Every structure is written in structure tokens, then in C-alpha cells.
Amino acid sequence: QDINDYKGNHPSIGIIDVVPFIPIKNITKKELQILVDHWAQVVAGQYKVPIVYYGGMSWSSDQKDLSQIRKGGIRSASKRIKSGSLHVDQGPNSPNQTLGMSCWAVRELMLAYNVSLGTEDLQAVKDVAKQLRKLRQKYPPLQNVKVLGWLTPFYNCAQISANLYDIQKMTLESFYDLVNTIATDSGIEVIGTELIGMSPKVGFTSHAENRSLNALVDKLGLAKHVDFVLEERLLDRAIEKYEQTHTSSTI
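Keep in mind it's a predicted model, so treat the numbers as computed, not measured. (Residues numbered from 1 in each chain as written. Predicted model: local features only at pLDDT ≥ 70, side-chain atom pairs only at ≥ 80, totals over all residues. Heavy atoms only, no water.)

The subject of this paragraph is the packing of helix α4 (residues 122–135) against helix α5 (residues 172–185). Where α4 meets α5, the axes come as close as 10 Å, and the angle between the chain directions of the two elements is 120°. Between α4 and α5, the interaxial angle falls into the category oblique. Regarding α4 and α5, the two cross each other, and that crossing is right-handed. Seen from α4, the contacting residues are V128, Q131, L132 and L135; seen from α5, they are F175, L178, V179, I182 and A183. Classifying every residue of the contact of α4 with α5 gives 8 nonpolar, 1 polar and no charged. (Axes fitted to C-alpha atoms, helices over the stretch in contact; angles between N-to-C directions. Helix = DSSP H or I, 4+ residues; strand = E, 2+ residues; numbered from the N terminus. Parallel < 35°, antiparallel > 145°, perpendicular 65-115°, else oblique. Left-handed = near helix turned anticlockwise from the far one by under 90°. Contact = heavy atoms within 4.5 Å. Nonpolar A, V, L, I, M, F, W, Y, C, P; charged D, E, K, R; others polar.)

Quick look at the structure:
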């Protein structure tokens, strides 16, 4: 693959664009940062790919925000490296011709969540995203949520794409309800949602102990675009299975 051929909705600076590491259990953030720094040296050296640290691993306040590093894509990042305004932490001081660059960090768990709207009017969806960003000023749980509005041709709809960085304050259900309210007020129907990857139970809803998660899956329309097997998407269950396997293999 060649990063120069990239045409996706998200700005991207590499074929392996972002590599986050999350301290799930039995390791501190500091301990994990030491391991990540070691493997960044190995990967950058072996594949001749510049690696930039973001978030808590970045030494520069200008590089803590991932969106700022990726803004403008690979061509912009290449120019900023040359000018000295973008610092490379590991590897060569210029992007790999085909692989581009990679952004690495140790961070808390983040959920990537897309809400599908029954329209292909891009401006209308961008207006919904804009209203969500404005709401941050008076609704603190939204302050750590990144949102974009984009078209999703293969689903024949548009989506509000979100990164939920504090799932204790903003769950999938909470975000769904906000989008649903704003979209409905604009005459747009929410037709389903899409969870990228896995989530712990607490990331689905703040009322996880008092309701059926299967009913919530139906409410959120998580099976609208792809098969959604709850058991395979619960991070808690994956950790439990790993520990069971690991324990049995060491006895």
C-alpha cells in the first residue's frame, strides 16, 4: 500500500497511522510507556518509518493533540518535519515514501463510535456535528469528545463520527441520545450506529448493571450495518477469557 494514494475521510499520515497502547490491567502507564518507547525504536529502525509520539508521551504541547499532527495529511506533515515544526521521536527525519509515518501513544481507553443518519446531505450532517461541538461549552461530558460529520457511501447514509475519550462521563448511549435529539430537531432520523472494536460494559451505558445490554444493542442499532455479537464486543469478557486461558496454560 502507498500512503500517497490515501483518500479516506480521516486525515492520515501513514499506512499504520495511529498505534495507541492502553494499560488495561497489571501494568502502570509509566511502565507501558517504557515498553512502547523501546518497540518504537525497533519498528522505526527496521521499517525506516518516522514515529511521532502524541498525547501523554509527547514532549511538545503542540503535538499532544493527534488531530494537529495529522492535519493536512502526509504532505503537510512532511513539510512540517522539514521546517522543524513537527518533531520525530523515533526513526528517520522524513516520511517513508510509501508507508508514510506513524503516531504512537500510551493513553486511556477511547471508543470510536459512529452514528448513522438517514440522509446523504453532507452539509446537514456537518451542521449536526457543529451543534455538538458548540454544546461542549455548557455540557462538560462532551468536552473530551471529538466529532466529525461525513458521508458513508457504502452504507448509503452519512455519519457523525466520534471518539469518546472519557467513557465514565460519555457512554455510547449518552452520545447516541444527544445525537438523536439534535438530529431529530433538524428533521433527520438516526438509523443505526457502529462501534469500532470493543468496549467495556461501562462504556455502553451508565446503567449497565440495571438493564439488558442486548436491549441496548437494539436501541442503538449496532447491528444496522454489520453483524453485532455482544459477547465478542465486550472487553470485560475478552479479558476474562484471556485470564482463564493464561491461568490454565501455566498450571
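An order of β5-β6-β4-β7 is seen for the 4 strands of this open sheet, with the pairing classed as antiparallel. Either end of the sheet is taken by a strand with one partner, and the two such strands are β5 (145–152) and β7 (190–196). Averaged over all pairs of adjacent strands, the angle between their axes in this sheet comes to 20°, without regard to strand direction. Where strand β4 (residues 111–117) lies against strand β6 (residues 157–164), 7 bridges are found, and the strand directions are antiparallel. Residue pairing in the sheet places Y113 in a bridge with A162 of β6. (Pairing = 2+ DSSP bridges.)

What follows covers the pattern of salt bridges. Two side chains of opposite charge can pair, provided their charged atoms sit close to one another. In total, this model carries 8 salt bridges according to the counting rule given. For the salt bridge of E173 with K219, the shortest nitrogen-to-oxygen distance reads 2.8 Å. Residue E173 is located in helix α5, and its partner K219 is located in helix α7 (residues 213–220); the two are separated by 46 residues in the primary sequence. A salt bridge links E240 to R237; its shortest N-O distance comes to 2.3 Å. With E240 and R237 both in helix α9 (residues 235–250) and 3 residues apart, the pair spans about one turn of that helix. (Salt bridge = Lys/Arg side-chain N within 4 Å of Asp/Glu carboxyl O.)

Y113, L117, L132, I160, L164, F175 and F204 are the most contacted members of the largest nonpolar core, which has 37 residues in total. Counting residues per element, the ones that place at least two in this core are β4, α4, β5, β6, α5, β7 and α7. The contact partners of F204, leaving out residues within four places of it in the chain, are T171, L172, E173, L195, S199, L213, L216, L222, F228, L230, R233 and L234. Grouped together as the second largest cluster of nonpolar side chains are 14 residues, I13, A77, M101 and C103 included. (Core = buried A, V, L, I, M, F, W, Y, C linked by side-chain atoms within 4.5 Å. Buried < 20%, exposed > 50% of the residue type's maximum accessible area, 1.4 Å probe, protein only.)

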